[in-house]
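Descriptive analysis of the structure
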Amino acid sequence: MAAPASTVPVVSVHHYTDRLFKFRVKRPKNFRFESGQFAMIGLNIEDEPIMRAYSMASPSWDDELEFYSIIVPDGPLTSQLRYIKPEDPLLISGRGVGSLTMKALKPGKRLFMLATGTGIAPFASIMRDPETYERFDEVYLTHTCREAAELSYGKELVAALREDPLCGEFANKLTYYSSVTREEYEHMGRITDLLESGQVFSDLGIAPFDAEGDRVMICGSMELNRDLQKILEAQGFVEGSRRQKGSYVLERAFVG
Ligand code: A2P
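Residues numbered from 1 in each chain as written. Predicted model: local features only at pLDDT ≥ 70, side-chain atom pairs only at ≥ 80, totals over all residues. Heavy atoms only, no water.

1. A word on the pairing of strand β6 (residues 89–92)
As a reminder of what qualifies: When DSSP finds at least two bridges between two strands, those strands are taken to pair. Runs of H or I in DSSP of at least four residues are treated as helices and runs of E of at least two as strands, each being numbered from the N terminus.
Strand direction decides the pairing type here: strand β1 (residues 6–15) and β6, joined by four bridges, are antiparallel. If you follow S6 over to β6, its bridge partner there is I92. With two bridges joining them, strand β3 (residues 38–45) and β6 adopt antiparallel strand pairing. By the bridge assignment for β6, I41 is matched with I92.

Okay, structure coming up:
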């Protein structure tokens, strides 16, 4: 990540809850990434650049970059980032990195993207990339949050996919499943439990995991990643990387 940072203007900001917001910035002309990757972004705070890793939530073909952030009240970056408004300058490093991409996965039939909290950000990119639907027959996005209000960003994306200029025609290949852990909701419980009990599959009316044809992408907290990793590996899934493709990949949802 030695590439120098550029400064780009904020284009729009939208707050979903008092802890969650998205913002869009102009994309630097030389900024390259693959859908699902992250980069270092930040602000100059008291003349010091404070940079943190953020997944790009927009697809790799977009002229703007979108980010989805949590607010950590005493977080060095997000405690300030929460106040950004259009035209403010954002710092961004030279290019995208990370292996939560199609390139690290072997070909397959069904793609499962499992997200908790702000871990939905890289999937907001991947679900708006036509390549995803060219590679897979069926695409599933699961999102689990503490409260139903925290699902709004993902629900909005899924609803907008039909109108998407590049992916609209594939919208019926995407199936969305959400669950909530700390209040009443249609589907309740941690994704780990819902997978292990088979509830997700029976709710969706689909066959359970099969390491032969299924590919899985995971993005959440370190604990979530570790717990899902155990579940998948017990069923024969193998972690992929850019050098050695596999049947699942994961990324940490960063907070700070
Ligand atoms: P829970 O409410 O039971 O902790 P967070 O906001 O802390 O990142 O959590 C986002 C969602 O991920 C919550 O619904 C939380 O459930 C769930 N979660 C957190 N840790 C794990 C884990 N190790 N396995 C499965 N789900 C988890």
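2. Let's talk about the sheet that holds strand β9 (residues 174–180)
Operational definition: Inter-axis angles, ranging from 0 to 180 degrees, are taken between N-to-C directions of lines fitted to C-alpha atoms, where helices are fitted over the stretch in contact. Residue contacts are defined here by distance: any two heavy atoms, one from each residue, within 4.5 Å place the two residues in contact.
As summarised here, the arrangement of the five strands in space is β9-β8-β7-β10-β11, forming an open sheet in which the pairing is parallel. Two strands in the sheet have a free side with no partner beyond their single neighbour: β9 and β11 (248–252). Put simply, the sheet's adjacent strands are angled 10° from each other on average, direction ignored. Against the sheet, helix α7 (residues 222–234) touches β7 (110–116), β10 (214–220) and β11, its axis set at about 160° to β10.

3. Digging into the sheet that holds strand β5 (residues 64–70)
Pairing is antiparallel in the open sheet, where six strands are placed in the order β4-β3-β6-β1-β2-β5. Both outer strands of the open sheet, β4 (48–55) and β5, are each paired with one neighbouring strand and no more. Here the strands of the sheet are splayed against their neighbours by 40° on average, with no regard to which way each runs. Examined bridge by bridge, strand β2 (residues 20–26) and β5 share seven bridges and lie antiparallel to one another. Bridging from a neighbouring strand, L20 pairs with I70 of β5.

4. Let's talk about a negative patch on the surface
Worth spelling out the cut-off: Each patch groups residues whose relative accessible area exceeds 30% and which form no salt bridge, using 9 Å between like charges and 5 Å between nonpolar side chains of Val, Leu, Ile, Met, Phe, Trp and Tyr. Calculation of accessible area relied on Shrake-Rupley with a 1.4 Å probe; when residues are assessed, cover is drawn exclusively from the protein chains displayed. We count a salt bridge whenever a side-chain nitrogen from Lys or Arg sits within 4 Å of a carboxyl oxygen from Asp or Glu. For the purpose of counting charges, residues Lys and Arg are taken to be positive, whereas Asp and Glu are taken to be negative. His and the chain ends are not included. Here the site of a charge means atom NZ of a Lys, CZ of an Arg, CG of an Asp or CD of a Glu.
Judged by side-chain charge, D18, E147, E183 and E184 come together as a negatively charged surface patch. Position of E183 among the secondary structure elements: in the loop between β9 and α5 (191–196).

Function-wise, these values are silent; they only describe arrangement.
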